Amino acid sequence: MTKIAINNTVRDMTAEEQAEYDTRQQAYIDDGANRKLAEIKQIRLQKLIETDFYALGDVTMSDEMKTWRQSLRDIPANHVNEAAYDLLLARDPDTNELTHSIWSKP
Amino acid sequence: MALSKIDLDKAGVTGTLPTTNLDTVGVAQGGTGITSGTTDQYLKFTGTTTLASAGAGGLVALGQVDSGGNVGEINLDNKFSATYKNYLVIVDKMVPATDGANIIFRLRDDTPSSISDSNYDYNTRAWRSSDNTVYLAANDNVSAVNFSDGGVSNTSSRQGLKMALWIHDPFDSTVKTSGHGTLMFVNTGGVSLGGYTHFYYKNNASPRGVQFYANTGNVNGRIKIYGVVDS
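Only a predicted model underlies this, so the values are computations on that prediction, with no experimental measurement involved. (Residues numbered from 1 in each chain as written. Chains lettered and ligands numbered in written order. Predicted model: local features only at pLDDT ≥ 70, side-chain atom pairs only at ≥ 80, totals over all residues. Heavy atoms only, no water.)

## Some remarks on the overall build of chain B
- From N to C terminus, chain B includes one helix and 14 strands.
- Dimensions of chain B along its principal axes, counting C-alpha atoms only, are 95 × 40 × 30 Å.
- With 231 residues in all, chain B has 43% of them scored as buried.
- Considering only residue pairs separated by 6 or more positions, chain B has 69% of its internal contacts joining residues 24 or more positions apart.
- If you sum the accessible surface of chain B, you get close to 11300 Å²; carbon and sulfur atoms cover 49% of it.
- Taken as two groups, the 17 positive and 19 negative side-chain charges of chain B have centres that lie 5 Å from each other. (Helix = DSSP H or I, 4+ residues; strand = E, 2+ residues; numbered from the N terminus. Buried < 20%, exposed > 50% of the residue type's maximum accessible area, 1.4 Å probe, protein only. Contact = heavy atoms within 4.5 Å. Areas by Shrake-Rupley, 256 points an atom, 1.4 Å probe, with all protein chains shown as cover. Lys, Arg positive; Asp, Glu negative; His and termini not counted. Charge placed at Lys NZ, Arg CZ, Asp CG, Glu CD.)

Okay, here's the thing in structure tokens:
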């Protein structure tokens, strides 16, 4: 039985509390792909924000930059399953940097 | 001859002093000089001893919870009342058992049960110290609030999520309950993040407490709650 802490008292969960806890754990497992896609979109947003200034009128955006930004926008269409999401989210264990080539700014 | 003064030490007097009227004995004689008071007043010395209440704008500790280990949920129940309009929740630590889990928040009602209808709006933003990357979590009409999108380290020495959360008007069911605060945590890669958050519970209700848990696995946490004394 899982424990619960209430007002400085720790006790076993009631059957009802345990059922809600178990439902939450299963929902987390079931939502794995969506959670990863959300994280990917968050990283993508940051990359796009960092290069938005190239779209200003007094700055020229190179074709390479245009292609790269479009490839970021196309991620959900071109990467459609959890295995693909795992590749996009892979990080270097030493530097914690993302390793997939799609994140490399031209 | 009448005695005007008796030296008790030299007279070797023994026995028990009568306790009647001791509360009227002054401080210099070993008493308080105070005969009555009201709940939550404290002694204050200003040349003479008086009773005083918490000053305007002060914080009154209402309770705390320390799980002392991994648990499924951490709740502070029945802390909101008509006594205070504003509250401060201090999260000393909130360490998920699962590395990279997010810390989730909900209000509690007077049952007490978790308020989990889809009436929470929130926005949490935290910036990484290493590269200023912003992690954000924002949602409307959801059943809980996410304070730590991006995942919290489960290394105990990092203490998980820490935050100061102000909550406004929870008890008054004629107005909406809202809150905002600042927070920091260390992610699974050991990078620290700091940011801010707000939540808005857009149903008229009278929440009485708060709940923290991880979106997966258990948490080990310690929370304290204070009421803000109106001036």
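## Here we look at the sheet that holds strand β13 (residues 209-214) of chain B
- Reading across from one edge, β2(A)-β1(A)-β4(B)-β13(B)-β6(B)-β9(B) is the order of the six strands in this open sheet, with mixed pairing throughout. The outermost strands of the open sheet, each flanked by one partner alone, are β2 (9-12) of chain A together with β9 (145-146) of chain B.
- Two strands pair when backbone bridges link them, and strand β1 (residues 3-6) of chain A and β2(A) are joined in this way by four bridges, in the antiparallel orientation. Across the sheet, A:Lys3 pairs through a bridge with A:Asp12, a residue of β2(A). (Pairing = 2+ DSSP bridges.)

## Concerning helix α1 (residues 15-30) of chain A
- For α1(A), spanning 16 residues, the distance from its first C-alpha to its last is 22 Å, which sits close to the expected 22 Å at 1.5 Å a residue.
- Listing the buried residues of α1(A) in full gives A:Glu17, A:Gln18, A:Tyr21, A:Arg24 and A:Gln25. Relative to the axis of α1(A), the buried residues are bounded by an arc of 120 degrees and lie together on one face. Set apart from the buried face of α1(A) by more than 90 degrees, the exposed residues are A:Ala15, A:Glu16, A:Thr23 and A:Asp30.
- The secondary structure elements touched by the buried residues of α1(A) are β1 and β2 of chain A together with β4 (73-76), β6 (103-108) and β13 of chain B. (Expected span 1.5 Å × (residues − 1). Arc of directions from axis to C-beta.)

## Regarding the pairing of β6(B)
Residues and elements named next belong to chain B.
- For β6, a buried count of six out of six residues is recorded, marking the element as mostly surrounded by other parts of the structure.
- Relative to β13, β6 runs antiparallel, the two sharing six bridges. Pairing of Ile-104 across the sheet is with Tyr-213, part of β13.
- Where β6 meets β9, two bridges bridge the pair, whose relative direction is antiparallel. Counted as the bridge partner of Phe-105 is Val-145 from β9.

## Focus on a nonpolar patch on the surface
- On the surface, B:Ile6, B:Leu8 and B:Val13 cluster together into a nonpolar patch covering about 300 Å² of accessible area.
- Following the sequence through the fold, B:Ile6 ends up in the segment before α1 (8-11). (Patch = residues over 30% accessible without salt bridge, like charges linked within 9 Å, V, L, I, M, F, W, Y side chains within 5 Å. Salt bridge = Lys/Arg side-chain N within 4 Å of Asp/Glu carboxyl O.)

## Notes on the nonpolar core
Residues and elements named next belong to chain B.
- Judged by nonpolar contacts, the single largest core of 43 residues is most densely connected at Met-94, Phe-105, Leu-107, Phe-212 and Ile-223.
- It is strand β5 (residues 86-96) that provides the largest number of residues to this core, a total of four residues.
- Not counting chain neighbours up to four residues away, the residues in contact with Met-94 comprise Ile-74, Ile-103, Val-152, Gln-159, Gly-160, Leu-161, Phe-212, Val-219, Asn-220, Gly-221, Arg-222 and Ile-223. (Core = buried A, V, L, I, M, F, W, Y, C linked by side-chain atoms within 4.5 Å.)

## Some points on unusual backbone geometry
Residue and element names in this part refer to chain B.
- Cis geometry marks the peptide bond from Thr-111 to Pro-112, where omega comes out at 0 degrees.
- A positive phi angle, close to 55 degrees, is found at Asp-169, a residue other than glycine.
- By the secondary structure assignment, Asp-169 is in the loop between β10 (162-168) and β11 (177-186).

## Things to note about the layout of surface pockets
- Space inside the largest pocket adds up to approximately 1200 Å³.
- What lines the largest pocket is a set of 42 residues, and nearest its centre among them are A:Arg35, B:Asn102, B:Asn146, B:Asp149 and B:Asn215.
- Going through the elements one at a time, α1, α2 (32-51) and α5 (82-89) of chain A together with β6, β7 (120-128), β8 (134-142) and β9 of chain B are the ones with two or more residues in the lining of the largest pocket.
- The dominant element in the lining of the largest pocket, judged by the number of residues it contributes, is α2(A), at nine residues. (1 Å grid on protein atoms, 1.4 Å probe; cavity = no way out; pocket = protein on both sides within 12 Å on 5 of 7 lines; lining within 4 Å. Points joined across faces, edges and corners; volume = space filled by probe spheres on them.)

## Concerning the side chain of A:Arg69
Residues and elements named next belong to chain A.
- Along the polypeptide, Arg-69 turns up in helix α3 (residues 63-73).
- Judged by its relative accessible area of 6%, Arg-69 falls in the buried class.
- In this view, Arg-69 contacts Leu-48, Thr-51, Asp-52 and Met-61; residues no more than four positions away in its chain are not counted.

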